[in-house]
Amino acid sequence: MDESIAGNRAHWNTTADHWVAPGRRSWSTDEVTWGTFGVPEADLGALPDVTGRDVVELGCGTGYLSAWLARRGAASVVGVDPTEGQLASARRFQAEFALPFPLVQAAGEAVPLRDASFDVAVSEYGAAIWADPHRWLPEAARLLRPGGELVFLGNSVVFMLCCQDDDSPPTEQMRRPQRGMGRFTWPDDPSVEFHLSHGDMVRLLRASGFEVLDLIEVYAGDDVADATLCSGEVEFVSAEWARRWPVEEIWRARKRDEVSLARTERPSRRPPPF
Ligand SMILES: C[S@@+](CC[C@H](N)C(=O)[O-])C[C@H]1O[C@@H](n2cnc3c(N)ncnc32)[C@H](O)[C@@H]1O
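Now for a look at the structure at hand. Remember, predicted model here, so these are calculated numbers, not experimental data. Each chain has its residues counted from 1, following the order in which its sequence is written. At least 70 in pLDDT is required for a residue's local features to be given in this predicted model, at least 80 for side-chain atom pairs to be given and counted, and no such filter applies to totals for whole chains, interfaces and linings, which use all residues. Side-chain measures here rest on the full set of heavy atoms in the structure, leaving out hydrogens and waters.

## Observations regarding the side chain of Thr62
Next up, step 1: Take Thr62: it is sitting in the loop between strand E3 (54-58) and helix H4 (64-71).
Next up, step 2: Contacts are residue-level and defined by heavy atoms, with any inter-residue pair within 4.5 Å sufficient. Look past the residues within four positions of Thr62 in its chain and what remains in contact with it is Trp19, Gly23, Trp27, Gln86, Ser89, Ala90 and Phe93. Here a strand is any run of E in DSSP of at least two residues, a helix any run of H or I of at least four, and the numbering for each starts at the N terminus.

## Concerning the packing of aromatic side chains
Next up, step 1: Any two rings among Phe, Tyr and Trp, with Trp reduced to its six-membered ring, count as a pair given centres within 6.5 Å; such a pair is stacked if its planes are under 30 degrees apart, edge-to-face if over 60, and tilted if neither. With the rule as written, the count across this model stands at twelve aromatic pairs.
Next up, step 2: Their ring planes at 55° and their centres at 5.0 Å tell us that Tyr64 and Trp68 sit as a pair that is tilted. Of the two residues, Tyr64 and Trp68 both sit in helix H4, four residues apart, roughly one turn of that helix. The residues Tyr64 and Trp68 share a single accessibility class, namely buried.
Next up, step 3: Ring geometry for Phe159 versus Trp241: centroids 5.9 Å apart, planes at 85°, classification edge-to-face. In this pair, Phe159 sits in helix H8 (residues 157-162) while Trp241 sits in helix H10 (residues 239-244), placing the two residues 82 residues apart along the sequence. Neither Phe159 nor Trp241 differs from the other in exposure class; each is buried.
Next up, step 4: Following the ring pairs from residue to residue traces out a cluster consisting of Trp27, Phe93, Phe97 and Phe101. Three labels apply to residues, based on accessible area from a 1.4 Å probe with only protein chains included: buried if under 20% of the type maximum, exposed if over 50%, partly exposed otherwise in between.

## Let's talk about the sheet that holds strand E13 (residues 248-255)
Next up, step 1: For two strands to count as paired, DSSP must find a minimum of two bridges between them. Read from one edge of the open sheet, seven strands run E5-E4-E3-E6-E7-E13-E10, paired in mixed fashion. Looking along the sheet, the strands with just one partner apiece sit at the ends: strand E5 (103-105) and strand E10 (210-218). Taking each pair of neighbouring strands and ignoring which way they run, the sheet shows an average axis angle of 15°.
Next up, step 2: Sheet topology note: the E10/E13 ladder contains eight bridges and is antiparallel. From the neighbouring strand, Phe210 faces E13, where its bridge partner is Lys255.
Next up, step 3: The strands touched by H4 within the sheet are E3, strand E4 (76-81) and strand E6 (118-124), with E4 carrying the most contacts at an inclination of about 175°.
Next up, step 4: Strands E4 and E5 of the sheet are contacted by helix H5 (residues 84-96), whose axis makes an angle of about 170° with E5. Lines fitted to the C-alpha atoms define the axes, with helices restricted to the stretch that makes contact. Angles between their N-to-C directions range from 0 to 180 degrees.

## Things to note about the packing of helix H2 (residues 20-27) against H5
Next up, step 1: Running from N to C, H2 and H5 cross one another at 35°; their axes reach a closest spacing of 11 Å. The interaxial crossing formed by H2 with H5 has right-handed handedness. Taken together, the residues of H5 that come into contact with H2 (itself represented by Val20, Gly23, Arg24 and Trp27) are Ser89, Ala90, Arg92, Phe93, Gln94 and Glu96.
Next up, step 2: Residues that form the contact of H2 with H5 fall into these classes: four nonpolar, three polar and three charged. Helix crossings get a hand from a simple test, with the near helix turned counterclockwise from the far one by less than a right angle marking a left-handed crossing and a clockwise turn marking a right-handed one. Classes in brief: Ala, Val, Leu, Ile, Met, Phe, Trp, Tyr, Cys and Pro nonpolar; Asp, Glu, Lys and Arg charged; the others, Gly included, polar.

In C-alpha coordinates:
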(Lines give C-alpha, C1' and ligand atoms only; values in the text may rest on other atoms or scores of the structure.)
Protein backbone atom coordinates (compact mmCIF):
# COMPACT_ATOMS: atom_id res chain seq x y z
CA MET A 1 0.00 0.00 0.00
CA ASP A 2 1.21 3.53 -0.72
CA GLU A 3 2.98 5.21 2.16
CA SER A 4 0.52 8.11 2.48
CA ILE A 5 -2.51 5.79 2.39
CA ALA A 6 -1.02 3.52 5.08
CA GLY A 7 0.00 6.51 7.25
CA ASN A 8 -3.42 8.13 6.99
CA ARG A 9 -5.23 4.88 7.71
CA ALA A 10 -3.08 4.37 10.81
CA HIS A 11 -3.76 7.95 11.93
CA TRP A 12 -7.52 7.57 11.47
CA ASN A 13 -7.66 4.19 13.16
CA THR A 14 -5.91 5.77 16.17
CA THR A 15 -8.20 8.81 16.31
CA ALA A 16 -11.54 7.25 15.23
CA ASP A 17 -12.90 7.21 18.81
CA HIS A 18 -12.57 11.02 19.04
CA TRP A 19 -15.02 11.41 16.16
CA VAL A 20 -17.84 9.29 17.53
CA ALA A 21 -19.50 12.11 19.52
CA PRO A 22 -19.23 14.72 16.72
CA GLY A 23 -20.40 12.05 14.26
CA ARG A 24 -23.48 11.29 16.38
CA ARG A 25 -24.32 15.01 16.63
CA SER A 26 -24.16 15.31 12.84
CA TRP A 27 -26.20 12.14 12.25
CA SER A 28 -28.82 13.54 14.67
CA THR A 29 -29.71 16.50 12.47
CA ASP A 30 -31.11 16.77 8.95
CA GLU A 31 -29.61 20.19 8.27
CA VAL A 32 -26.66 20.06 5.88
CA THR A 33 -23.85 22.31 7.13
CA TRP A 34 -20.28 22.85 6.00
CA GLY A 35 -16.96 23.19 7.76
CA THR A 36 -15.68 23.95 11.22
CA PHE A 37 -18.28 26.65 11.88
CA GLY A 38 -21.25 24.70 10.51
CA VAL A 39 -22.28 27.14 7.78
CA PRO A 40 -25.70 26.06 6.45
CA GLU A 41 -25.91 24.65 2.93
CA ALA A 42 -28.89 26.98 2.53
CA ASP A 43 -26.44 29.93 2.72
CA LEU A 44 -23.79 28.44 0.41
CA GLY A 45 -25.67 26.49 -2.26
CA ALA A 46 -22.77 24.08 -2.80
CA LEU A 47 -24.77 20.95 -3.55
CA PRO A 48 -26.71 20.05 -6.68
CA ASP A 49 -30.22 18.64 -6.27
CA VAL A 50 -29.56 15.00 -5.32
CA THR A 51 -33.16 13.85 -5.60
CA GLY A 52 -33.27 10.54 -7.47
CA ARG A 53 -29.53 10.60 -8.13
CA ASP A 54 -26.75 8.11 -7.31
CA VAL A 55 -24.20 9.56 -4.89
CA VAL A 56 -20.76 8.38 -3.76
CA GLU A 57 -18.86 9.89 -0.82
CA LEU A 58 -15.08 9.51 -0.98
CA GLY A 59 -13.63 9.42 2.53
CA CYS A 60 -17.01 9.13 4.27
CA GLY A 61 -15.68 8.67 7.82
CA THR A 62 -18.64 8.39 10.16
CA GLY A 63 -20.97 8.77 7.17
CA TYR A 64 -23.12 11.73 8.18
CA LEU A 65 -22.81 13.57 4.86
CA SER A 66 -23.99 10.43 3.05
CA ALA A 67 -26.85 10.16 5.57
CA TRP A 68 -27.86 13.78 4.95
CA LEU A 69 -27.90 13.17 1.18
CA ALA A 70 -29.91 9.97 1.57
CA ARG A 71 -32.47 11.93 3.62
CA ARG A 72 -32.53 14.60 0.89
CA GLY A 73 -33.85 11.98 -1.51
CA ALA A 74 -30.79 10.53 -3.26
CA ALA A 75 -31.69 7.32 -5.12
CA SER A 76 -28.62 5.63 -3.64
CA VAL A 77 -25.60 6.59 -1.56
CA VAL A 78 -22.34 4.66 -1.15
CA GLY A 79 -19.74 5.60 1.45
CA VAL A 80 -16.08 4.81 0.69
CA ASP A 81 -13.33 5.03 3.33
CA PRO A 82 -10.05 3.13 3.90
CA THR A 83 -10.19 3.10 7.72
CA GLU A 84 -11.80 0.21 9.64
CA GLY A 85 -12.34 2.30 12.79
CA GLN A 86 -14.23 5.01 10.93
CA LEU A 87 -16.33 2.49 8.99
CA ALA A 88 -17.20 0.78 12.28
CA SER A 89 -18.58 4.12 13.56
CA ALA A 90 -20.51 4.61 10.32
CA ARG A 91 -22.02 1.12 10.67
CA ARG A 92 -22.96 1.82 14.29
CA PHE A 93 -24.76 5.05 13.30
CA GLN A 94 -26.54 3.34 10.40
CA ALA A 95 -28.03 0.90 12.92
CA GLU A 96 -28.76 3.60 15.51
CA PHE A 97 -30.53 5.88 13.01
CA ALA A 98 -32.03 3.05 10.91
CA LEU A 99 -30.48 4.30 7.70
CA PRO A 100 -28.42 1.59 6.02
CA PHE A 101 -26.42 2.19 2.83
CA PRO A 102 -23.41 0.39 1.35
CA LEU A 103 -19.98 1.09 2.83
CA VAL A 104 -16.85 0.15 0.88
CA GLN A 105 -13.39 -0.06 2.43
CA ALA A 106 -11.04 1.64 -0.02
CA ALA A 107 -8.88 4.72 -0.44
CA GLY A 108 -10.01 7.53 -2.74
CA GLU A 109 -6.99 6.78 -4.92
CA ALA A 110 -8.37 3.35 -6.02
CA VAL A 111 -12.09 2.72 -5.59
CA PRO A 112 -13.40 -0.76 -6.47
CA LEU A 113 -16.63 0.52 -8.06
CA ARG A 114 -17.71 0.57 -11.71
CA ASP A 115 -16.97 3.38 -14.19
CA ALA A 116 -19.74 5.94 -14.74
CA SER A 117 -21.98 4.62 -11.99
CA PHE A 118 -22.72 7.87 -10.06
CA ASP A 119 -24.29 11.27 -10.73
CA VAL A 120 -22.73 13.07 -7.76
CA ALA A 121 -19.43 12.56 -5.90
CA VAL A 122 -18.81 14.38 -2.62
CA SER A 123 -16.04 14.64 -0.08
CA GLU A 124 -16.01 16.67 3.11
CA TYR A 125 -12.52 16.62 4.61
CA GLY A 126 -12.20 13.03 3.29
CA ALA A 127 -10.35 12.20 0.05
CA ALA A 128 -10.47 15.99 -0.41
CA ILE A 129 -7.45 16.40 1.87
CA TRP A 130 -6.27 12.86 2.77
CA ALA A 131 -5.91 11.33 -0.71
CA ASP A 132 -3.37 12.26 -3.38
CA PRO A 133 -5.29 14.62 -5.69
CA HIS A 134 -3.37 13.42 -8.76
CA ARG A 135 -5.00 10.04 -8.18
CA TRP A 136 -8.34 10.66 -6.48
CA LEU A 137 -9.59 13.38 -8.85
CA PRO A 138 -9.16 11.16 -11.97
CA GLU A 139 -10.77 8.37 -9.93
CA ALA A 140 -13.76 10.61 -9.11
CA ALA A 141 -14.06 11.47 -12.81
CA ARG A 142 -14.01 7.75 -13.69
CA LEU A 143 -16.82 7.01 -11.22
CA LEU A 144 -19.06 9.83 -12.48
CA ARG A 145 -21.36 9.74 -15.47
CA PRO A 146 -20.83 12.51 -18.06
CA GLY A 147 -22.33 15.70 -16.63
CA GLY A 148 -22.00 14.31 -13.09
CA GLU A 149 -20.97 16.74 -10.35
CA LEU A 150 -18.11 16.69 -7.87
CA VAL A 151 -18.33 18.76 -4.66
CA PHE A 152 -15.53 18.70 -2.11
CA LEU A 153 -14.49 20.69 0.94
CA GLY A 154 -11.00 21.04 2.38
CA ASN A 155 -8.96 23.68 4.15
CA SER A 156 -8.50 26.93 2.26
CA VAL A 157 -5.15 27.82 0.78
CA VAL A 158 -4.84 30.86 3.07
CA PHE A 159 -5.51 28.71 6.14
CA MET A 160 -2.79 26.25 5.12
CA LEU A 161 -0.31 29.07 4.60
CA CYS A 162 -1.05 30.62 8.01
CA CYS A 163 -1.49 27.53 10.20
CA GLN A 164 1.30 26.30 12.43
CA ASP A 165 2.99 22.92 12.77
CA ASP A 166 2.09 22.47 16.44
CA ASP A 167 -1.74 22.64 16.17
CA SER A 168 -1.90 26.16 17.57
CA PRO A 169 -4.34 28.43 15.72
CA PRO A 170 -3.45 30.27 12.51
CA THR A 171 -2.10 33.78 12.87
CA GLU A 172 -2.21 36.76 10.53
CA GLN A 173 1.24 35.85 9.27
CA MET A 174 2.02 33.47 6.42
CA ARG A 175 4.26 30.73 7.71
CA ARG A 176 5.06 28.74 4.61
CA PRO A 177 5.42 29.42 0.89
CA GLN A 178 2.53 28.88 -1.48
CA ARG A 179 4.88 27.99 -4.32
CA GLY A 180 5.24 24.19 -4.47
CA MET A 181 2.54 23.54 -1.88
CA GLY A 182 0.88 20.14 -2.16
CA ARG A 183 1.98 17.58 0.38
CA PHE A 184 1.89 18.47 4.10
CA THR A 185 3.40 16.36 6.89
CA TRP A 186 3.52 17.08 10.60
CA PRO A 187 5.99 16.41 13.42
CA ASP A 188 5.31 13.14 15.36
CA ASP A 189 2.40 12.15 13.12
CA PRO A 190 2.33 9.55 10.30
CA SER A 191 -0.44 11.36 8.42
CA VAL A 192 -0.03 13.20 5.12
CA GLU A 193 -2.41 15.92 3.93
CA PHE A 194 -2.73 17.25 0.39
CA HIS A 195 -3.58 20.88 -0.34
CA LEU A 196 -3.00 22.41 -3.77
CA SER A 197 -2.78 26.06 -4.73
CA HIS A 198 -5.78 27.34 -6.68
CA GLY A 199 -3.93 27.42 -10.01
CA ASP A 200 -2.67 23.87 -9.59
CA MET A 201 -6.16 22.69 -8.58
CA VAL A 202 -7.82 24.29 -11.62
CA ARG A 203 -5.26 22.69 -13.95
CA LEU A 204 -5.60 19.29 -12.28
CA LEU A 205 -9.42 19.36 -12.36
CA ARG A 206 -9.36 20.21 -16.06
CA ALA A 207 -6.73 17.56 -16.84
CA SER A 208 -8.88 15.02 -14.94
CA GLY A 209 -11.90 15.70 -17.19
CA PHE A 210 -13.79 18.33 -15.17
CA GLU A 211 -14.97 21.85 -15.84
CA VAL A 212 -14.79 24.09 -12.78
CA LEU A 213 -18.16 25.46 -11.71
CA ASP A 214 -17.36 27.34 -8.52
CA LEU A 215 -14.98 27.87 -5.62
CA ILE A 216 -16.88 28.81 -2.47
CA GLU A 217 -14.98 30.34 0.45
CA VAL A 218 -16.52 29.31 3.78
CA TYR A 219 -16.39 32.10 6.40
CA ALA A 220 -17.56 31.85 10.01
CA GLY A 221 -20.92 33.43 10.83
CA ASP A 222 -21.28 36.44 13.14
CA ASP A 223 -22.57 34.59 16.18
CA VAL A 224 -20.18 31.62 16.49
CA ALA A 225 -17.63 30.83 19.21
CA ASP A 226 -13.96 30.01 18.70
CA ALA A 227 -13.51 26.46 17.40
CA THR A 228 -11.61 23.74 19.24
CA LEU A 229 -10.19 20.48 17.96
CA CYS A 230 -12.48 17.46 18.44
CA SER A 231 -11.00 16.74 21.88
CA GLY A 232 -12.45 20.13 22.91
CA GLU A 233 -9.26 21.20 24.69
CA VAL A 234 -7.07 22.74 21.99
CA GLU A 235 -8.12 25.91 20.21
CA PHE A 236 -8.19 25.21 16.47
CA VAL A 237 -9.07 28.61 15.05
CA SER A 238 -10.61 31.77 16.46
CA ALA A 239 -13.99 32.93 15.18
CA GLU A 240 -12.46 36.36 14.57
CA TRP A 241 -9.82 34.88 12.23
CA ALA A 242 -12.42 32.76 10.47
CA ARG A 243 -14.71 35.72 9.85
CA ARG A 244 -11.86 37.49 8.03
CA TRP A 245 -10.33 34.57 6.15
CA PRO A 246 -11.96 31.29 5.11
CA VAL A 247 -10.91 28.21 7.07
CA GLU A 248 -12.35 26.05 4.30
CA GLU A 249 -13.22 26.23 0.64
CA ILE A 250 -15.60 24.13 -1.45
CA TRP A 251 -14.82 23.24 -5.05
CA ARG A 252 -17.66 22.45 -7.45
CA ALA A 253 -16.85 20.78 -10.78
CA ARG A 254 -18.73 18.93 -13.51
CA LYS A 255 -17.47 15.96 -15.51
CA ARG A 256 -17.25 16.99 -19.15
CA ASP A 257 -18.95 14.84 -21.77
CA GLU A 258 -17.00 13.17 -24.58
CA VAL A 259 -17.67 15.96 -27.07
CA SER A 260 -16.48 18.75 -24.79
CA LEU A 261 -13.50 16.63 -23.72
CA ALA A 262 -12.42 16.32 -27.36
CA ARG A 263 -12.85 20.10 -27.85
CA THR A 264 -10.77 21.07 -24.81
CA GLU A 265 -7.23 22.17 -25.40
CA ARG A 266 -4.48 19.76 -24.36
CA PRO A 267 -3.81 19.64 -20.64
CA SER A 268 -1.02 21.90 -19.40
CA ARG A 269 2.46 20.42 -19.65
CA ARG A 270 3.38 22.01 -16.36
CA PRO A 271 4.70 19.27 -14.05
CA PRO A 272 2.70 18.30 -10.96
CA PRO A 273 3.58 20.45 -7.94
CA PHE A 274 4.85 17.55 -5.80
C1 LIG B 1 -12.38 14.14 9.01
S2 LIG B 1 -12.86 12.55 8.37
C3 LIG B 1 -14.00 13.18 7.21
C4 LIG B 1 -15.13 12.27 6.96
C5 LIG B 1 -16.50 12.71 7.40
N6 LIG B 1 -16.88 13.95 6.80
C7 LIG B 1 -16.55 12.74 8.91
O8 LIG B 1 -16.29 13.81 9.48
O9 LIG B 1 -16.81 11.73 9.50
C10 LIG B 1 -11.51 12.07 7.28
C11 LIG B 1 -11.70 10.70 6.65
O12 LIG B 1 -10.81 10.57 5.56
C13 LIG B 1 -10.46 9.21 5.49
N14 LIG B 1 -9.27 8.99 4.66
C15 LIG B 1 -7.98 8.84 5.04
N16 LIG B 1 -7.21 8.58 3.98
C17 LIG B 1 -8.02 8.55 2.90
C18 LIG B 1 -7.83 8.29 1.51
N19 LIG B 1 -6.63 8.03 1.01
N20 LIG B 1 -8.92 8.30 0.71
C21 LIG B 1 -10.15 8.58 1.20
N22 LIG B 1 -10.39 8.84 2.49
C23 LIG B 1 -9.35 8.82 3.34
C24 LIG B 1 -10.26 8.82 6.94
O25 LIG B 1 -10.30 7.43 7.13
C26 LIG B 1 -11.37 9.57 7.62
O27 LIG B 1 -12.49 8.76 7.82
